[in-house]
Amino acid sequence: MVTVKKRMGSSRAERALYISLAFLSLLLVATLSAQAPKTEGKAGIVRQLSEVRFPAGEGPDCLQFFLENGDMKTGPSTAIMKAKPTCVVPPHYHTAEEQLIIVKGNVSTGMEGMKDAVLGPGGFAMMPSKAPHWFTCTAKEECLMFVTFDRAYDIVWIKPDK
């Protein structure tokens, strides 16, 4: 009888162990799936720079803007900008926060309350919402920049004081 009791006891312990392991496995799967990024049926984008066709923009004639990702009218977006040498983008601001990364050329950029700085490839600038800013492509060749906006895009040009 002792043997039978031990057998029944170990059988209960084994069942409890299996149930616990099954529960932990389900919990792990649920946790990992909850942390997985949601793509919402969105397709990825892979594009060479040589495939980008820059249309004319709504800003200065020397600046072209190509939307890489997102919807500028409704939410966050990423674009690439191409500026001709000596292109000046006068003071303006956006409701969205803007982030700028220089890919090619030298860009003199400034923001209200800060000194202007010349940024080369890899240079980064972040302009907070509604912060007046400006830039000039100071390179002898075109300047290329990636720009991101954290919400819908707008632009407000600041008229100089007379």
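To be clear, the structure that these remarks concern was listed above.
Before going into details, it helps to say that this report is about the structure given with it. Worth saying up front: this structure is predicted, and the values here are computed from it rather than measured.

Thoughts on the nonpolar core
By size, the foremost hydrophobic cluster in this structure holds 24 residues, and its most contacted members are Met81, Leu100 and Met145. Considering each element in turn, this core owes the most residues, four residues, to strand β9 (residues 143-149). The residues contacting Leu100, other than those within four sequence positions of it, are Met81, Gly123, Phe124, Ala125, Met127, Met145, Phe146 and Val147. Core analysis: the second largest hydrophobic core is formed by five residues, Val52, Phe54, Phe66 and Ile80 among them.

Examining the state of the cysteines
Tallied over the entire structure, the rule returns two disulfides. Covalently, Cys62 is tied to Cys87 through a disulfide, its sulfur atoms 2.0 Å apart. Negative torsions about the S-S bond denote left-handed disulfides, and the value of about 60° found for Cys62 with Cys87 makes this one right-handed. On the criterion of sequence distance, the pair formed by Cys62 in the loop between α1 (2-35) and β1 (63-70) and Cys87 in the loop between β2 (77-83) and β3 (88-93) is long-range, its members being 25 residues apart. For Cys62, a relative accessible area of 18% puts it in the buried group. With its sulfur 2.1 Å from that of its partner, Cys137 forms a disulfide with Cys143.

A word on the packing of aromatic side chains
Under the defined criterion, the tally for this structure stands at three aromatic pairs. Taking 4.9 Å as the distance between ring centres and 65° as the angle between the ring planes, the aromatic pair formed by Phe149 and Tyr153 counts as edge-to-face. Among the aromatic residues, those joined into a ring-pair cluster are Phe65, Phe149 and Tyr153.

Observations concerning the sheet that holds β1
Taken in spatial order, the five strands of this open sheet run β1-β2-β9-β4-β7, and their pairing is antiparallel. With one partner strand each, in any of the chains shown, β1 and β7 (124-127) form the two edges of the open sheet. When the angles between neighbouring strand axes are averaged without regard to direction, this sheet yields 20°. In terms of strand pairing, strand β4 (residues 98-104) meets β7 through four bridges, oriented antiparallel. Of the residues in β7, the one forming a bridge with Glu98 is Met127.

Considering unusual backbone geometry
You will see that Thr86, though not glycine, has its phi angle at about 70°, which is positive. One non-glycine residue, Lys130, adopts positive backbone phi at about 65°.

Let's talk about the side chain of His133
Within the fold, His133 resides in strand β8 (residues 133-137). Among the polar contacts made by the side chain of His133, one reaches the side chain of His94 at a distance of 3.5 Å. Ignoring any residue separated from it by four or fewer positions in sequence, one finds His133 in contact with Pro90, Pro91, His92, Tyr93, His94, Glu98, Gly110, Met111 and Met127.

Digging into a nonpolar patch on the surface
Together, Ile101, Val103, Phe124, Met126 and Phe146 give the surface a local cluster of nonpolar side chains, amounting to about 400 Å² of exposed area. Listed by contribution, the elements that provide at least two residues to the nonpolar patch are β4 and β7. Mapped onto the elements of the fold, Phe146 is located in strand β9.

Remarks on the pairing of β1
Relative to β2, β1 runs antiparallel, the two sharing seven bridges. Each residue of the ladder has a partner; that of Leu63, found in β2, is Ala83.

What counts and what doesn't
- Residues numbered from 1 in each chain as written.
- Predicted model: local features only at pLDDT ≥ 70, side-chain atom pairs only at ≥ 80, totals over all residues.
- Heavy atoms only, no water.
- Core = buried A, V, L, I, M, F, W, Y, C linked by side-chain atoms within 4.5 Å.
- Buried < 20%, exposed > 50% of the residue type's maximum accessible area, 1.4 Å probe, protein only.
- Helix = DSSP H or I, 4+ residues; strand = E, 2+ residues; numbered from the N terminus.
- Contact = heavy atoms within 4.5 Å.
- Disulfide = S-S within 2.5 Å.
- Phe/Tyr/Trp six-rings, centres within 6.5 Å; stacked < 30°, edge-to-face > 60°.
- Pairing = 2+ DSSP bridges.
- Axes fitted to C-alpha atoms, helices over the stretch in contact; angles between N-to-C directions.
- Polar contact = N/O pair within 3.5 Å; in protein donor to acceptor, adjacent residues only side chain to side chain.
- Patch = residues over 30% accessible without salt bridge, like charges linked within 9 Å, V, L, I, M, F, W, Y side chains within 5 Å.
- Areas by Shrake-Rupley, 256 points an atom, 1.4 Å probe, with all protein chains shown as cover.
- Salt bridge = Lys/Arg side-chain N within 4 Å of Asp/Glu carboxyl O.

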